[in-house]
Amino acid sequence: MRGVNACRRLAVPAGILTAVAGAFAYVGAVDPGRPGHYPVCPLLRYTGLYCPGCGGLRSAHAFVHGDLLTALQDNAPAVAGYLGFAVLWTVWTVHTARGRPFRIDPSPAQLWTAGALLLLFTVIRNLPFGGWLHP
């Protein structure tokens, strides 16, 4: 009975991992650098400005293929997000398997800091000297 409960508890983390792995598999198989497979960023299309997500699909494609330097160049915050997801998913799964609750409770200061860093990244990548941050 204990094993059945553990399997039930792990169904949601397993489902999330399956969905994320499927998305990464698709992006790894279908190159975002080739036009026609993915929609163009509307902000980039209409203003010429890079949003914080621009280059995220190319970053994921490079990451899947093991090219970490290209992934970082295309979108470094996205790579940090991939790694952060992996760590959080692992901790969540271990807690869930042990029957312990897992809660992410960032403080307002942490949320504001993350938002400020993304805003800073976005501003710098759109300035003339921030061309090295373009995807």
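Let me begin by describing the structure that accompanies this report.

Rules used in this analysis
- Residues numbered from 1 in each chain as written.
- Predicted model: local features only at pLDDT ≥ 70, side-chain atom pairs only at ≥ 80, totals over all residues.
- Heavy atoms only, no water.
- Phe/Tyr/Trp six-rings, centres within 6.5 Å; stacked < 30°, edge-to-face > 60°.
- Helix = DSSP H or I, 4+ residues; strand = E, 2+ residues; numbered from the N terminus.
- Buried < 20%, exposed > 50% of the residue type's maximum accessible area, 1.4 Å probe, protein only.
- Core = buried A, V, L, I, M, F, W, Y, C linked by side-chain atoms within 4.5 Å.
- Contact = heavy atoms within 4.5 Å.
- Polar contact = N/O pair within 3.5 Å; in protein donor to acceptor, adjacent residues only side chain to side chain.
- Salt bridge = Lys/Arg side-chain N within 4 Å of Asp/Glu carboxyl O.

1. Some words on the packing of aromatic side chains
The relation between two aromatic rings is expressed through the spacing of the ring centres and the mutual angle of the planes.
Then comes step 1: Under the defined criterion, the tally for this structure stands at 3 aromatic pairs.
Then comes step 2: With a centroid separation of 5.2 Å and an interplanar angle of 85°, the aromatic rings of F24 and Y82 are classed as edge-to-face. Taken together, the positions of F24 in helix 2 (residues 11-29) and Y82 in helix 5 (residues 68-97) put the pair 58 residues apart, joining distant regions of the chain.
Then comes step 3: Under the relative-accessibility criterion, Y82 is labelled buried at 16%.
Then comes step 4: Judged by centre distance (6.0 Å) and plane angle (80°), the ring pair of Y26 and Y38 falls under edge-to-face. You can see Y26 sitting in helix 2 and its partner Y38 sitting in the loop between helix 2 and helix 3 (42-47), a full 12 residues away along the chain.
Then comes step 5: A relative accessible area of 44% means that Y26 is categorised as partly exposed.
Then comes step 6: Connected via pairs of aromatic rings, a cluster forms that spans F24, F63 and Y82.

2. Things to note about the nonpolar core
Then comes step 1: One finds V27, V30, Y38, A60, A62, A71, A78, V79 and Y82 forming the largest nonpolar core, which totals 9 residues.
Then comes step 2: Mapped onto this core, the elements with two or more residues apiece are helix 4 (56-64) and helix 5.
Then comes step 3: Look past the residues within four positions of Y38 in its chain and what remains in contact with it is Y26, V27, V30, D31, P32 and L57.

3. Examining the side chain of T122
Then comes step 1: Relative to the helices and strands, T122 is located in helix 6 (residues 108-125).
Then comes step 2: With relative accessibility at 15%, the residue T122 sits in the buried group.
Then comes step 3: A distance of 2.8 Å separates a polar side-chain atom of T122 from the backbone oxygen of L118.
Then comes step 4: The contacts of T122, once residues within four sequence positions are left out, are Y50, C51 and P52.

4. With respect to the environment of T96
Then comes step 1: Following the sequence through the fold, T96 ends up in helix 5.
Then comes step 2: As a C-alpha pair, T96 and A11 span 85 residues in sequence and 9.9 Å in three-dimensional space.
Then comes step 3: When neighbours within four sequence positions are excluded, T96 is seen to be in contact with R9, L10 and P13.
Then comes step 4: Within the structure, T96 has its side chain in polar contact with the backbone oxygen of W92 (distance 2.7 Å).

5. A closer look at the pattern of salt bridges
Then comes step 1: Throughout the structure, instances matching the rule amount to 1 salt bridge.
Then comes step 2: A salt bridge links D105 to R103; its shortest N-O distance comes to 3.6 Å.

6. Some thoughts on helix 4
Then comes step 1: Regarding helix 4, the residues found buried are G56, S59, A60, H61 and A62.
Then comes step 2: Backbone geometry just after helix 4 places G66 at a positive phi near 80°.

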